[in-house]
Amino acid sequence: MGGRHHELSCRTQHCSYEELEERCDAATAGSIRTRESLRNTEQRIADFSLLGKQIDTYRKLKPVYDRYKASKDKEKFLRGFESEIILFEAAAREIKKAGLTKLPSSEKLKVKLDELSARKTALQAELQKIQWEEKKYDTLRQNVDIVLKNLFRKRYKQTETFIRRK
């Protein structure tokens, strides 16, 4: 895309060292932004997966919890279903913490996870492309640095030789 065009223009035409540095910096900044977006997307996937498990637990154990609330001898019921009630209450807290007032369907959660997975895949491809571009610009800058260093040495030697002759 645009980055490749700039790289080719720097290789085939004259561009200033400052322009080359700007392109290197832009590629690095793009890489950082894309990595950050990728990390955020991966975190959202993990969060949604966990929330999905909490919702599944909530739905599965809601009938047990309803029976517990309706029972006349709560202590006896609790002794028989303590782990289920603890799991249900923990799931309910997490769902409330997530700000959900209505539970989304399993299909909606799957669609959201699929969207996030597609975004992750796209970001991974983008990051790979940006890293390739970043590497190319960095190599180009290193090559220019070597050429400039050699030119400087050559000119320095010429100047030194000229001064000695005088």
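This structure is a prediction, so every number in the text was calculated from the model and none was measured.

Undergrad: With reference to specific residues and values, describe the packing of aromatic side chains.
TA: For any pair of aromatic rings, the description consists of the separation of the ring centres together with the inter-plane angle of the planes. Tallied over the entire structure, the rule returns five aromatic pairs. Where Phe-77 meets Phe-81, the ring centres are 4.8 Å apart and the plane angle is 25 degrees; that geometry is what we call stacked. On the criterion of helical spacing, the pair formed by Phe-77 and Phe-81 is a turn pair, its members being four residues apart in helix H3 (residues 74-97). Through successive ring pairs, a cluster of aromatic residues spans Tyr-58, Tyr-65, Tyr-68, Phe-77, Phe-81 and Phe-88. The ring of Phe-81 carries the charged tip of Arg-67 above its face, separated from the ring centre by 5.4 Å. When the ring centre of Tyr-68 is taken as origin, the NZ or CZ atom of Lys-74, which lies over that ring, is 6.0 Å away.

Undergrad: Lay out the confidence of the model for the protein chain with the relevant residues and their values.
TA: Averaged over every residue, the pLDDT of the protein chain is 87; the share at 70 or more is 86%. H3 holds the highest mean pLDDT among the elements of the protein chain, 95, whereas helix H1 (residues 2-12) holds the lowest, 46. The low-confidence segment residues 1-9 (pLDDT under 50) makes 13 contacts with residues lying over four places distant or belonging to another chain.

Undergrad: Account for the pattern of salt bridges, naming residues and giving values.
TA: As enumerated under the stated definition, the model contains five salt bridges in all. As a salt-bridge pair, Lys-120 and Glu-42 come within 3.9 Å of each other at their nearest N and O atoms. Of this pair, Lys-120 sits in helix H4 (residues 106-165) while Glu-42 sits in helix H2 (residues 17-70), placing them 78 residues apart in sequence. Look at Glu-42 and you get partly exposed, because its relative accessible area is 32%.

Undergrad: Lay out the packing of H2 against H3 in plain terms, naming residues and giving numbers.
TA: Think of two packed helices as two axes; the pair is described by the angle between the axes and how far apart they sit. Where H2 meets H3, the axes come as close as 7 Å, and the angle between the chain directions of the two elements is 145 degrees. Seen from above, H2 lies across H3 with left-handed handedness. Looking at the contact of H2 with H3, its residues break down into 18 nonpolar, two polar and seven charged.

Undergrad: Outline H2, listing residues and values.
TA: The end-to-end C-alpha distance of H2 is 77 Å, a good match for the 80 Å that 54 residues give at a rise of 1.5 Å each. Its axis deflected by about 45 degrees at Leu-61, H2 carries its strongest bend there, up to four residues before the proline Pro-63.

Undergrad: Residue-level account of the nonpolar core, with values.
TA: In this structure, Leu-61, Val-64, Tyr-65, Tyr-68, Phe-77, Ile-85 and Phe-88 together form the largest nonpolar core, which totals seven residues. Among the secondary structure elements, those contributing two or more residues to this core are H2 and H3. The element contributing the most residues to this core is H2, with four residues. Grouped together as the second largest cluster of nonpolar side chains are five residues, Leu-20, Cys-24, Ala-27 and Tyr-137 included.

Undergrad: Got a sec to walk through H3? Specific residues and values, please.
TA: The first and last C-alpha atoms of H3 sit only 26 Å apart over 24 residues, clearly below the 34 Å expected at 1.5 Å per residue. Residue Phe-81 marks the point of greatest curvature in H3, where the axis turns by about 85 degrees. Buried within H3 we find Phe-77, Ile-85, Phe-88, Ala-91 and Ile-95. For H3, the elements touching its buried residues are H2. Residue Gly-99 follows H3 closely and has a positive phi angle near 80 degrees.

About the criteria used
Residues numbered from 1 in each chain as written. Predicted model: local features only at pLDDT ≥ 70, side-chain atom pairs only at ≥ 80, totals over all residues. Heavy atoms only, no water. Phe/Tyr/Trp six-rings, centres within 6.5 Å; stacked < 30°, edge-to-face > 60°. Helix = DSSP H or I, 4+ residues; strand = E, 2+ residues; numbered from the N terminus. Lys NZ or Arg CZ within 6 Å of the ring centre and 35° of its normal. pLDDT = per-residue confidence, 0-100. Contact = heavy atoms within 4.5 Å. Salt bridge = Lys/Arg side-chain N within 4 Å of Asp/Glu carboxyl O. Buried < 20%, exposed > 50% of the residue type's maximum accessible area, 1.4 Å probe, protein only. Axes fitted to C-alpha atoms, helices over the stretch in contact; angles between N-to-C directions. Left-handed = near helix turned anticlockwise from the far one by under 90°. Nonpolar A, V, L, I, M, F, W, Y, C, P; charged D, E, K, R; others polar. Expected span 1.5 Å × (residues − 1). Bend = angle between axes of the 7 residues up to and from the residue. Core = buried A, V, L, I, M, F, W, Y, C linked by side-chain atoms within 4.5 Å.

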